[in-house]
Amino acid sequence: MTKVLLSLHVLAAIVAIGPVTVAASMFPPAVRRVGLPDEAGDVGTVRLLHRICRVYAGLGLAVPVLGFATAAAMGVLQDAWLITSITLTAAAAGILVAFVLPRQEEILEQLTGRQSVERARTARLAMFTGLFNLLWATVTVLMIVRPGSTTGA
Ligand code: HEM
């Protein structure tokens, strides 16, 4: 059972968090390309990237849910590496929900209303997106290395 839960947990991380990482990272440069004379970018692309981020962020909820189930099945809920991972996962989710997604939405509204978007706004969004990526990448390393853990490899 533990192996099934762990497999689903890792699968959810790959399938859900992967697309959010790629789409969120592509969002700021896609915004900057809108309105360029060579028509290299358009609002449709920006909207699609935002939609991918929103939908897959929702699917990403399966990652901590299955993570908790795996941890309970393994009896490692008290482990320091896991508590640290849970905290960092919560921080990553918080940044995504409180900063990345709402700012993407604001920028999308501006573009839809044919307003120009200041470079500082996309730069700030890129900063929050980078922070989100860094946090969950750290969690992934923690999940694999499990510092201080005496179970498994
Ligand atoms: C509330 C958050 C989370 C909890 C409670 C949790 C729990 C767990 C547990 C108990 C394991 C098994 C570790 C072992 O084999 O000893 C695991 C493995 C793993 N987790 Fe998580 N996890 C969480 C979030 C995440 C996130 C956000 C990611 C990546 C996006 C992630 C990626 C992985 C990976 C790749 C493994 C496989 C590690 C390996 O077996 O080498 N987890 N997780």
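Computed from a predicted structure; not experimentally measured.

Residues in contact with the ligand amount to 23 residues; listed here are only the nearest, His9, Met74, Thr140, Met143 and Arg146. Note that a nitrogen atom of the ligand is positioned 2.8 Å from one of the side-chain N or O atoms of His9. The separation between an oxygen atom of the ligand and a polar side-chain atom of Arg146 is 3.0 Å. Those elements giving two or more residues to the shell around the ligand turn out to be α1 (2-33), α3 (62-74), α4 (80-112) and α5 (119-145). The element best represented in the shell around the ligand is α3, accounting for seven residues. Considered class by class, the residues forming the shell around the ligand number 17 nonpolar, five polar and one charged.

As a further point, take the coordination of the iron atom of the ligand. By definition of the ideal shapes, a tetrahedral metal site with four donors has angles of 109.5 degrees and an octahedral site with six donors has angles of 90 or 180 degrees. Coordination of the iron atom of the ligand by the protein involves His9 (NE2) and Met143 (SD), with metal-donor separations of 1.9 to 2.1 Å. Each of the six donor atoms around the iron atom of the ligand contributes to a set of angles spanning 82 to 178°, which defines the coordination as octahedral. In this pair, His9 sits in helix α1 while Met143 sits in helix α5, placing the two residues 134 residues apart along the sequence. Owing to a relative accessible area of 11%, His9 belongs among the buried residues under this scheme. Residue Met143 is classed as partly exposed on the basis of its relative accessible area of 27%.

Right, let's talk about the UniProt feature "transmembrane region" (unreviewed entry) in the chain for a bit. Per the UniProt annotation, the sites labelled "transmembrane region" (unreviewed entry) are residues 6-27, 55-74, 80-101 and 122-145. Secondary structure across residues 6-27 comprises 100% helix and 0% strand; the distance between its end C-alpha atoms is 31 Å. Structurally, residues 122-145 is divided into 100% helix and 0% strand, and its ends, taken at the C-alpha atoms, are 34 Å apart.

Bringing the side chain of His9 into the picture now. Here Val63 takes part through its backbone oxygen, which lies 2.9 Å from a polar atom of the side chain of His9. Setting aside residues up to four positions removed in sequence, His9 forms contacts with Val63, Leu66, Gly67, Thr70 and Met143.

What follows covers the environment of Ala93. Topologically, Ala93 is positioned in helix α4. Counting along the chain gives 71 residues from Ala93 to Val22, while the straight-line C-alpha distance between them is 16 Å.

Turning our eyes to something else, we now look at the pattern of salt bridges. In the structure shown here, the tally under the stated rule is one salt bridge. Here Glu106 ties to Arg121 by a salt bridge, and the two come within 2.6 Å at their closest N and O atoms. Here Glu106, found in helix α4, pairs with Arg121, found in helix α5; they are 15 residues apart in sequence, far enough to count as distant. For Glu106, a relative accessible area of 39% translates into the label partly exposed.

Before going further, it helps to spend a moment on the packing of aromatic side chains. Per the stated rule, a full pass over the model turns up one aromatic pair. Centroid distance Phe99 to Phe128: 4.4 Å. Interplanar angle 10°. Geometry classified as stacked. Taken as a pair, Phe99 in helix α4 and Phe128 in helix α5 lie far apart in primary sequence, 29 residues in all. By relative accessible area, Phe99 is classed as partly exposed at 32%.

The next point concerns the side chain of Gln104. Positionally, Gln104 belongs in helix α4. Take Gln104: its relative accessible area is 0%, and that puts it in the buried class. If sequence neighbours within four positions are ignored, Gln104 has contacts with Ala24, Phe27, His50, Cys53 and Leu125.

Basis of the calculations
Residues numbered from 1 in each chain as written. Predicted model: local features only at pLDDT ≥ 70, side-chain atom pairs only at ≥ 80, totals over all residues. Heavy atoms only, no water. Near = heavy atom within 4 Å. Polar contact = N/O pair within 3.5 Å; in protein donor to acceptor, adjacent residues only side chain to side chain. Helix = DSSP H or I, 4+ residues; strand = E, 2+ residues; numbered from the N terminus. Nonpolar A, V, L, I, M, F, W, Y, C, P; charged D, E, K, R; others polar. Donors = N, O, S within 2.8 Å, 3.2 Å for Na, K, Ca; no water. Tetrahedral: all angles 85-135°; square planar, octahedral: opposite > 155°, others 65-115°. Buried < 20%, exposed > 50% of the residue type's maximum accessible area, 1.4 Å probe, protein only. UniProt positions renumbered as here; feature names shortened; annotations may be inferred. Contact = heavy atoms within 4.5 Å. Salt bridge = Lys/Arg side-chain N within 4 Å of Asp/Glu carboxyl O. Phe/Tyr/Trp six-rings, centres within 6.5 Å; stacked < 30°, edge-to-face > 60°.

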